[in-house]
Amino acid sequence: HKRFESARYCLPCLQSARLEYVSSPNEYYKKRQNKLEYIIEKQFDEWRADRPTKWNYAVSNALRDILQRLEPLSQTGGYTPAINSDAQIFALHQIYAKIYGFPLHIKDNGSDNLMLEHDDNQVCRMIFNTKVHENTDEKAEFARAVYIYPYTNKIASVWVYIASLSKH
């Protein structure tokens, strides 16, 4: 066996010596977040075409606050708070006897595919598969929230919360 002589086969680096990172303005992500919430709500209403859908925007705001805490927790290996240890979740359970829902996570590379306004949208497919829209309680309310955590080069972490809420 001969030893590999790396100096003899030295090749030039193909990557430039300087990496370019492009930051995206927060406004870009806020627009994507708002549009994705609109798309989710529109699709959800279509799936429930035979039943009325009442959206609870106050709970949606509370869920968005919860989502904002998830990306930093996922980066550090932190735990997701239990019902009794998170004040916002605990407060929601005091008002609503039944809350069905959970956060969903997807990566975003800035592609327009995430902004498609039909069932082929990956986020909409994920939400559809939760079956939350199949709640038959006529008094049920629904909440949806999106939070986009930006990284560089139009890479982002997208968190979506979908929930049905019943008081009895």
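Everything here concerns the structure above.
Model, not experiment: these values are computed from the prediction.

**Observations regarding the packing of helix 2 (residues 57-76) against helix 3 (residues 87-95)**
Move 1: Packing of helix 2 against helix 3 brings their axes to within 10 Å, and their N-to-C directions diverge by 155 degrees. With respect to each other, helix 2 and helix 3 are oriented roughly antiparallel. Handedness of the helix 2/helix 3 crossing: left-handed. Here Val59, Ala62, Leu63, Asp65, Ile66 and Arg69 of helix 2 come into contact with helix 3, specifically with Gln88, Ile89 and Leu92.
Move 2: Tallied by class, the residues present in the contact of helix 2 with helix 3 amount to 6 nonpolar, 1 polar and 2 charged.

**What about the side chain of Ser157?**
Move 1: Along the chain, the position of Ser157 falls in strand 4 (residues 156-166).
Move 2: At 3.3 Å, the side chain of Ser157 forms a polar contact with the side chain of Trp159.
Move 3: The residues contacting Ser157, other than those within four sequence positions of it, are Glu71, His105, Ile106, Tyr147, Ile148, Tyr149 and Tyr151.

**Remarks on the packing of aromatic side chains**
Move 1: Enumeration over the complete set of coordinates arrives at 7 aromatic pairs.
Move 2: With centroids separated by 5.1 Å and ring planes inclined at 65 degrees, the aromatic side chains of Trp47 and Phe128 adopt a geometry described as edge-to-face. Placement of the pair is Trp47 in helix 1 (residues 26-47) and Phe128 in helix 4 (residues 122-130), with a sequence separation of 81 residues.
Move 3: With relative accessibility at 16%, the residue Trp47 sits in the buried group.
Move 4: Through a chain of ring-to-ring contacts, the aromatic side chains of Phe44, Trp47, Trp55, Phe128 and Phe142 assemble into a single cluster.

**Considering unusual backbone geometry**
Move 1: A positive phi angle, near 70 degrees, is found at Lys131, a position not held by glycine.
Move 2: The exposure class of Lys131 is partly exposed, given its relative accessible area of 39%.
Move 3: Although it is not a glycine, Lys154 sits at a positive phi angle of roughly 60 degrees.
Move 4: With respect to the helices, strands and loops of the structure, Lys154 is situated in the loop between strand 3 (141-150) and strand 4.

Calculation notes
Residues numbered from 1 in each chain as written. Predicted model: local features only at pLDDT ≥ 70, side-chain atom pairs only at ≥ 80, totals over all residues. Heavy atoms only, no water. Axes fitted to C-alpha atoms, helices over the stretch in contact; angles between N-to-C directions. Helix = DSSP H or I, 4+ residues; strand = E, 2+ residues; numbered from the N terminus. Parallel < 35°, antiparallel > 145°, perpendicular 65-115°, else oblique. Left-handed = near helix turned anticlockwise from the far one by under 90°. Contact = heavy atoms within 4.5 Å. Nonpolar A, V, L, I, M, F, W, Y, C, P; charged D, E, K, R; others polar. Polar contact = N/O pair within 3.5 Å; in protein donor to acceptor, adjacent residues only side chain to side chain. Phe/Tyr/Trp six-rings, centres within 6.5 Å; stacked < 30°, edge-to-face > 60°. Buried < 20%, exposed > 50% of the residue type's maximum accessible area, 1.4 Å probe, protein only.

Coordinates in, geometry out; function isn't part of it.
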